[in-house]
Amino acid sequence: VLITTGATHRSLNVPGEKELSGNGVTYCATCDAPLFKDKIVYVIGGGNSAMDAALFAAKYSKEVHLMTVNEELNGDIILKKSCLTHKIVKVHTKVKVLRFEGKTKLERIAYEEGGKEIVAPADGAFIEIGLTPISGFINFVEKNDKQEIIVDKRNATNVEGVFAAGDVTDVTEKQI
């Protein structure tokens, strides 16, 4: 048996996210950043994936806002330094996204920063807050605290004859 069910992107679960998904709100900067050439984009998240996404989006966009709920960015120090010193990447800390607004496509993002609500123009938003493995249907193989299936270098689980591969597993690199 080979389990390759992948993972799903974590969502913010804020108003407008579902309605504008695919119309300005996206979960893959690598896939969609080129669509936002010379536009204003927001990257939501504070880890390595979000920092990578912000730096990638900066190659195309005229303005990139990297937003995290944390007091500072978390992750690789080189990525962090690159984001903090980049000409067009503005880092916002202790920020909470409240909603995405727009009729047929993303037009504005509403967020709370410094205790007040801000509504700002936005052409794109990349949500980079992690993945959830699709592993809830299986309960007889060993999983880690993130519910990823634990595999060895041959992709074998702790159960003989059961293997797993891809984003459902505990491999470090996702979306290989």
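Before reading further, recall that the structure is shown in the block above.
Residues numbered from 1 in each chain as written. Predicted model: local features only at pLDDT ≥ 70, side-chain atom pairs only at ≥ 80, totals over all residues. Heavy atoms only, no water.

Asks: Explain unusual backbone geometry to me, and be specific about the residues and the numbers.
Replies: A positive phi angle is found at N13, which is not glycine, with a value near 60°. Residue placement: N13 occurs in the loop between β2 (7-9) and α1 (17-20). Residue N13 is classed as exposed on the basis of its relative accessible area, which comes to 64%. (Helix = DSSP H or I, 4+ residues; strand = E, 2+ residues; numbered from the N terminus. Buried < 20%, exposed > 50% of the residue type's maximum accessible area, 1.4 Å probe, protein only.)

Asks: Any chance you could break down the state of the cysteines for me, citing the residues and the numbers?
Replies: With the rule as written, the count across this model stands at one disulfide. Summary of cysteine pairing: C83 is not part of a disulfide, and the nearest cysteine sulfur, belonging to C28, is at 17 Å. Since its relative accessible area comes to 0%, C83 is described here as buried. (Disulfide = S-S within 2.5 Å.)

Asks: Could you give an account of the packing of aromatic side chains, with specific residues and numbers?
Replies: If you walk through the whole model with that rule in mind, you get three aromatic pairs. Note on F36 and F126: the rings are 5.6 Å apart at their centroids and 90° apart in plane angle, and the pair reads as edge-to-face. Here the residue F36 occupies a position in the loop between α2 (29-32) and β4 (40-44), and F126 occupies one in strand β10 (residues 124-127), the gap between them amounting to 90 residues. Side by side, F36 and F126 carry an identical accessibility label, which is buried. Ring geometry for Y42 versus Y111: centroids 6.3 Å apart, planes at 50°, classification tilted. (Phe/Tyr/Trp six-rings, centres within 6.5 Å; stacked < 30°, edge-to-face > 60°.)

Asks: Describe the sheet that holds β4, with residues and values.
Replies: Spatially, five strands are ordered β3-β10-β4-β5-β6 in an open sheet, and the strand pairing comes out parallel. Lying at the two open borders of the sheet, with one neighbouring strand each, are β3 (25-26) and β6 (89-92). Alignment of β4 against β10, held across four bridges, turns out to be parallel. Of the residues in β10, the one forming a bridge with V41 is G124. Docked against the sheet, helix α3 (residues 48-57) engages β4, β5 (63-67), β6 and β10, running at close to 175° with respect to β5. (Pairing = 2+ DSSP bridges. Contact = heavy atoms within 4.5 Å. Axes fitted to C-alpha atoms, helices over the stretch in contact; angles between N-to-C directions.)

Asks: Before we move on, can you summarise the environment of S11 with the specific residues and values?
Replies: Residue placement: S11 occurs in the loop between β2 and α1. Considered as a pair, S11 and I127 are 116 residues apart in the sequence and their alpha carbons are 7.2 Å apart. Ignoring anything within four residues of it in the chain, the contact list for S11 reads E17, Y27 and I129. A distance of 3.0 Å separates a polar atom in the side chain of S11 from a polar atom in the side chain of N13. (Polar contact = N/O pair within 3.5 Å; in protein donor to acceptor, adjacent residues only side chain to side chain.)

Asks: So, the pattern of salt bridges: which residues are in play, and what are the values?
Replies: Tallied over the full model, the rule gives five salt bridges. In this structure, E72 engages K80 in a salt bridge whose closest nitrogen and oxygen atoms are separated by 2.3 Å. Among the charged side chains, a salt-bridge network with shared partners connects R99, E101, E107, R108 and E117. (Salt bridge = Lys/Arg side-chain N within 4 Å of Asp/Glu carboxyl O.)

Asks: Break down the pairing of β6 for me, citing the residues and quoting the values.
Replies: As defined by bridge partners, β5 adjoins β6 across four bridges and the pair is classed as parallel. Each residue of the ladder has a partner; that of V64, found in β6, is V89. Assessed by its sense of winding, the connection that carries the chain from β5 through helix α4 (residues 77-85) to β6 is right-handed. (Right-handed = clockwise from strand over helix to strand, strands pointing away.)

Asks: Please give an account of α4 that cites residues and values.
Replies: For α4, every residue scored as buried is listed here: L79, K80 and C83. Down the axis of α4, the sector holding all buried residues measures 100°, keeping them to one side. More than 90 degrees from the buried face of α4, the exposed residues found are I77, I78, K81 and T85. Buried residues along α4 sit against α3, β5 and β6. Structurally, the start of α4 carries an N-cap: the backbone nitrogen of I78 is 3.1 Å from a side-chain oxygen of D76. (Arc of directions from axis to C-beta.)

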